[in-house]
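# Structural features, examined
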Protein chains: 2
Amino acid sequence: MKAKMTVKEIAKMAGVSPTAVSFVLNNKEGVSEKTRQRVENIIKATNYTPDKNARRLYFKKSFNICLAITKKSSPFADLFYLDVLKGVLQRGMEHGYNVMISEFPEQFPEGRNFSSSIAGGDTDGVIFFQDTPEQLLRYFDEQEIPYVLVDTHSQAGRHITVDTDCELSTFVATEKLIENGHRKIALLCSSFLPEFYLQVSSGFMRAVAGHGLSVSPSYLIRDAYNEKSAYELMKKFLEENRDDLPTAFFCAGDIYAIAAMNAAMEMGYRVPDDFSFIAMDDIIISQYVRPQLTTITYDKCAMGAQAIDLLVDLINHKPAQSVVIKSDRIIERESIRRLV
Amino acid sequence: MKAKMTVKEIAKMAGVSPTAVSFVLNNKEGVSEKTRQRVENIIKATNYTPDKNARRLYFKKSFNICLAITKKSSPFADLFYLDVLKGVLQRGMEHGYNVMISEFPEQFPEGRNFSSSIAGGDTDGVIFFQDTPEQLLRYFDEQEIPYVLVDTHSQAGRHITVDTDCELSTFVATEKLIENGHRKIALLCSSFLPEFYLQVSSGFMRAVAGHGLSVSPSYLIRDAYNEKSAYELMKKFLEENRDDLPTAFFCAGDIYAIAAMNAAMEMGYRVPDDFSFIAMDDIIISQYVRPQLTTITYDKCAMGAQAIDLLVDLINHKPAQSVVIKSDRIIERESIRRLV
DNA sequence: CTGTTAGCGCCTTCAT
DNA sequence: ATGAAGGCGCTAACAG
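Model, not experiment: these values are computed from the prediction.

## Brief notes about the interface of chain A and chain B
- Listed by partner, the interface residues are 50 residues for chain A and 50 residues for chain B.
- Buried area between chain A and chain B, both sides added, is near 4,300 Å², and the carbon and sulfur share of it is 55%.
- Run the count over chain A and chain B and you get five salt bridges.
- Among the ionic pairs, R56(A) bridges to D122(B), the shortest N-O distance being 1.8 Å.
- Our count for the chain A to chain B interface comes out at 10 residue pairs in polar contact (both at pLDDT 80 or more).
- Take the side of chain A that touches chain B: its biggest share by element is nine residues, from helix α5 (residues 75–94) of chain A.
- Partitioned by chemical class, the residues of the side of chain A that touches chain B number 20 nonpolar, 16 polar and 14 charged.
- Bridge count between strand β2 (residues 98–104) of chain A and strand β2 (residues 98–104) of chain B: three bridges; the pairing is antiparallel. The partner of V99(A) across the bridge, within β2(B), is I101(B).

This is how it looks when you write it as structure tokens:
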């Protein structure tokens, strides 16, 4: 690191006091136009920027925002979050924050000191993804470090969150299936986030009921939690229901759809000839899989930007309100067959 | 942010001077064993950690390391770097650094001030991926901020780098094809990194020549630079060489192989029945594509960790030596057919 | 309108 | 072995 200029040196060069320089830097009142000009010229000429570490100390702020992900997150999850990261990065910079990434273990050892485990102990605020241990959240509550939860579908009102409206998305996707002539539709979902399951099944039922259709309870597959489990659940489902199969599946996540399609195809079924699939998330893999997956897309980058805006408000002790991202945008690819 | 303890308060509680506390914190000599004990107990009890911002100022270090990626990097590139990010994160933390991410534009406007464009102007060192504008590197040289280049295949010796040995990988992959009975093998590569092309073609030729095979110049497709261009190059190749087609392709990157397979299949060829494919990188998509791609894998996480080790040495003004990661590990999947 | 000064929390000589 | 003092670079109160 090269030796940098200081306010004092700039002041000396401009023949003014450090205060004047500071005022100019921070666009404050109390300095005559012509001194301001002179100082600004020197600043430009010397390419001076105030030392951030000194400001950190003075303001008791690190100007770092931390994006926390769980260590064992699946590649799929990473993929979804990769896009929101873009939004976080860009908006974070606009607000003058660095964004750092930090992994935290799924389980914290008892009585462990968290402070070093995440964010190296200094961050002005954090963004959490996925299911975050309640324990961790409480720690940040105690430290009075603000955070926002993204795509976490926690109970309404408990925290500041940026979530997707999965009721709506599920409804729209299911409608799409029905429009294409499907009458016997199954649902593949996870239930480990109760709120999430609630919304998905509600959207699903709303669409189905709206068309006077009914759905067999056995068509509700709800215990998926990752690719592998979805794959196995699907195989089991196809065997057990071999006498009365659906023609289409709504999957509450691309990951589940991809796994389920693989399971079906391995058992000799064809997609979309035998089964149609629609999902939601639009992760990058969905366009590389064959058949390409039709799915509902979200503006994930915007979600990241939103999260930062909220977090910055929180940091500045301004009121902030959870936001929900609505999307009915279907990316039509190859996994739906029109029934005549 | 909750009010934190200070050295002074700790000192008062322990009935010693701040200096003593500081010595204990930094494991320095000059404090009796029993005072050390007392102080340590207080520290534990109060969960005290020294204020990082104050240390930053004193040491003139931000304790931030920046991982810089180009703004327009393709999703594929992101995928490769996602894994090295894991290594960077973990090792960075071990060294006591935060790792922050920063995007930089492909092209910098003339005479622009870089300092705010990347890393918010304060980072102790940076890790670059991919092709990085020479201009940017020079800026960091001037600022005397150390950096290391990852997977960049720049000219040997000019910078500290962590690169893969693509000569070796190409050789091994090509051998694999030959072992499987292939005699007419084409090469799909990029040439925008001259050093990279040099190594790849050298490994390719070494394998081919080692078996007394020859290769038609028209089998050297070298101007791919992304998925789309690889796709188009492949289509063109298949048309132009329709009278004398190879039976196998080595592609210098999964991305190229995936695009090329798509091109071939769209033209009615079957993979691996008509053409076998092998590549190198092992990005996540390769296992979701059909047929699943056989490819050479790298320990990307280790690459990230390596890069951090090197960077930390540089930061501490210790000598550092570029490293090259060798890999001959083939992940066998479905894209190679054995010729009888 | 300008300059002097104190202090953010820590670390490290230098005396004691 | 311990305590006092100065300073890292910046900002903002307070005099002038």
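On we go.
## Concerning the protein's contact with DNA strand D
- The local shell around DNA strand D holds 23 residues, among which V7(A), Y48(A), Y58(A), S17(B) and K60(B) are the closest.
- Here the atoms of DNA strand D within 4 Å of the protein split so that 72% fall in sugar or phosphate, with bases taking the remainder.
- At 2.3 Å from a phosphate oxygen of DNA strand D is found a side-chain nitrogen or oxygen belonging to Y48(A).
- Within the backbone of S17(B), a nitrogen or oxygen atom sits 2.6 Å from a phosphate oxygen of DNA strand D.
- Elements represented by at least two residues in the surface near DNA strand D include exactly α2 (18–25) and α4 (52–59) of chain A together with α4 (52–59) of chain B.
- Tallying contributions element by element places α4(A) first for the surface near DNA strand D, with four residues.
- Considered class by class, the residues forming the surface near DNA strand D number 10 nonpolar, nine polar and four charged.

## A closer look at the relation of the copies chain A and chain B
- With an axial shift of 0.1 Å and an RMSD of 0.1 Å, the rotation relating chain A to chain B amounts to 180 degrees. These values place the two chain copies in the arrangement generated by a two-fold rotation axis. In terms of C-alpha distance to the rotation axis, chain A has M100(A) as its closest residue, with the C-alpha 1.9 Å off the axis.
- Interface residue correspondence from chain A to chain B reaches 100%, placing this contact among same-surface, isologous pairings.

## Points about the domain arrangement of chain A
- We note that the domain assignment places domain 1 (7–59), domain 2 (64–164 + 300–325) and domain 3 (166–297) within chain A.
- For domain 1 of chain A versus domain 3 of chain A, the separation of C-alpha centres amounts to 61 Å.

## Things to note about the sheet that holds strand β10 (residues 295–297) of chain A
Residue and element names in this part refer to chain A.
- Read across the sheet, six strands follow the order β7-β6-β8-β9-β10-β12 without closing on themselves; strand pairing throughout is mixed. The open sheet has two free edges, formed respectively by β7 (220–221) and β12 (330–331), since each of these has just one partner strand.
- Bridge count for strand β6 (residues 185–188) against strand β8 (residues 248–251) is four bridges, and the pairing is parallel. Across the sheet, the residue bridging to A186 is F249, located in β8.
- Relative to the sheet, helix α8 (residues 194–210) contacts β6, β7, β8 and β9 (276–281), its axis offset from that of β6 by approximately 170 degrees.
- Each of β6, β8, β9 and β10 is contacted by helix α10 (residues 254–266), which is oriented at about 155 degrees to β9, the strand it contacts most.

## A few points about the UniProt feature "domain: HTH lacI-type" (unreviewed entry) in chain A
- Taking the UniProt record as the reference, the feature "domain: HTH lacI-type" (unreviewed entry) is found at residues 5–59 of chain A.
- As a span, residues 5–59 of chain A carries 69% helix and 0% strand, and end to end its C-alpha atoms are 20 Å apart.

## Observations regarding the nonpolar core
- Ranked by size, the top nonpolar core spans 179 residues in total, and within it F250(A), F277(A), F249(B), F250(B) and F277(B) carry the most contacts.
- Beyond its immediate sequence surroundings of up to four residues, F277(B) is in contact with M234(B), F249(B), C251(B), A257(B), A260(B), M261(B), V271(B), L293(B), T294(B), S335(B) and I336(B).
- Counting 26 residues, the second-largest nonpolar core is a separate cluster that includes F140(A), Y139(B), F140(B) and Y147(B).

## Some details on the sheet that holds strand β4 (residues 147–150) of chain B
- Pairing is mixed in the open sheet, where 12 strands are placed in the order β11(A)-β5(A)-β4(A)-β3(A)-β1(A)-β2(A)-β2(B)-β1(B)-β3(B)-β4(B)-β5(B)-β11(B). Strands at the two margins of the open sheet, each flanked by one partner only, are β11 (323–325) of chain A together with β11 (323–325) of chain B. Across the sheet, the axes of successive neighbouring strands diverge by a mean angle of 25 degrees, strand direction being ignored.
- Across four bridges, strand β3 (residues 125–129) of chain B lies against β4(B) in parallel orientation. Paired with F128(B) across the strands is L149(B), a residue of β4(B).
- Packed onto the sheet, helix α11 (residues 300–315) of chain B meets β1 (64–70), β3, β4, β5 (161–164) and β11 of chain B and runs at close to 160 degrees relative to β4(B).

## Things to note about the packing of aromatic side chains
- Applying the stated criterion to the full structure yields 26 aromatic pairs over all chains.
- When the ring of F249(B) is compared with that of F277(B), the centres are 5.1 Å apart and the planes differ by 10 degrees; the resulting orientation is stacked. A residue pair is termed long-range when its members are at least 10 positions apart, and F249(B) in strand β8 (residues 248–251) and F277(B) in strand β9 (residues 276–281) qualify at 28 residues.
- The buried category is assigned to F277(B), whose relative accessible area is 0%.
- Clustering of aromatic rings is evident, with ring pairs tying together Y219(A), F237(A), F249(A), Y269(A), F275(A) and F277(A).
- Sitting above the plane of the F171(A) ring, R206(A) keeps its charged end 3.8 Å from the centroid.

Conventions used here
- Residues numbered from 1 in each chain as written.
- Chains lettered and ligands numbered in written order.
- Predicted model: local features only at pLDDT ≥ 70, side-chain atom pairs only at ≥ 80, totals over all residues.
- Heavy atoms only, no water.
- Contact = heavy atoms within 4.5 Å.
- Buried area = accessible area lost by both parts, 1.4 Å probe.
- Salt bridge = Lys/Arg side-chain N within 4 Å of Asp/Glu carboxyl O.
- Polar contact = N/O pair within 3.5 Å; in protein donor to acceptor, adjacent residues only side chain to side chain.
- Helix = DSSP H or I, 4+ residues; strand = E, 2+ residues; numbered from the N terminus.
- Nonpolar A, V, L, I, M, F, W, Y, C, P; charged D, E, K, R; others polar.
- Pairing = 2+ DSSP bridges.
- Near = heavy atom within 4 Å.
- Least-squares fit on C-alpha atoms with pLDDT ≥ 70 in both.
- Domains from an automatic or database assignment.
- Axes fitted to C-alpha atoms, helices over the stretch in contact; angles between N-to-C directions.
- UniProt positions renumbered as here; feature names shortened; annotations may be inferred.
- Core = buried A, V, L, I, M, F, W, Y, C linked by side-chain atoms within 4.5 Å.
- Buried < 20%, exposed > 50% of the residue type's maximum accessible area, 1.4 Å probe, protein only.
- Phe/Tyr/Trp six-rings, centres within 6.5 Å; stacked < 30°, edge-to-face > 60°.
- Lys NZ or Arg CZ within 6 Å of the ring centre and 35° of its normal.

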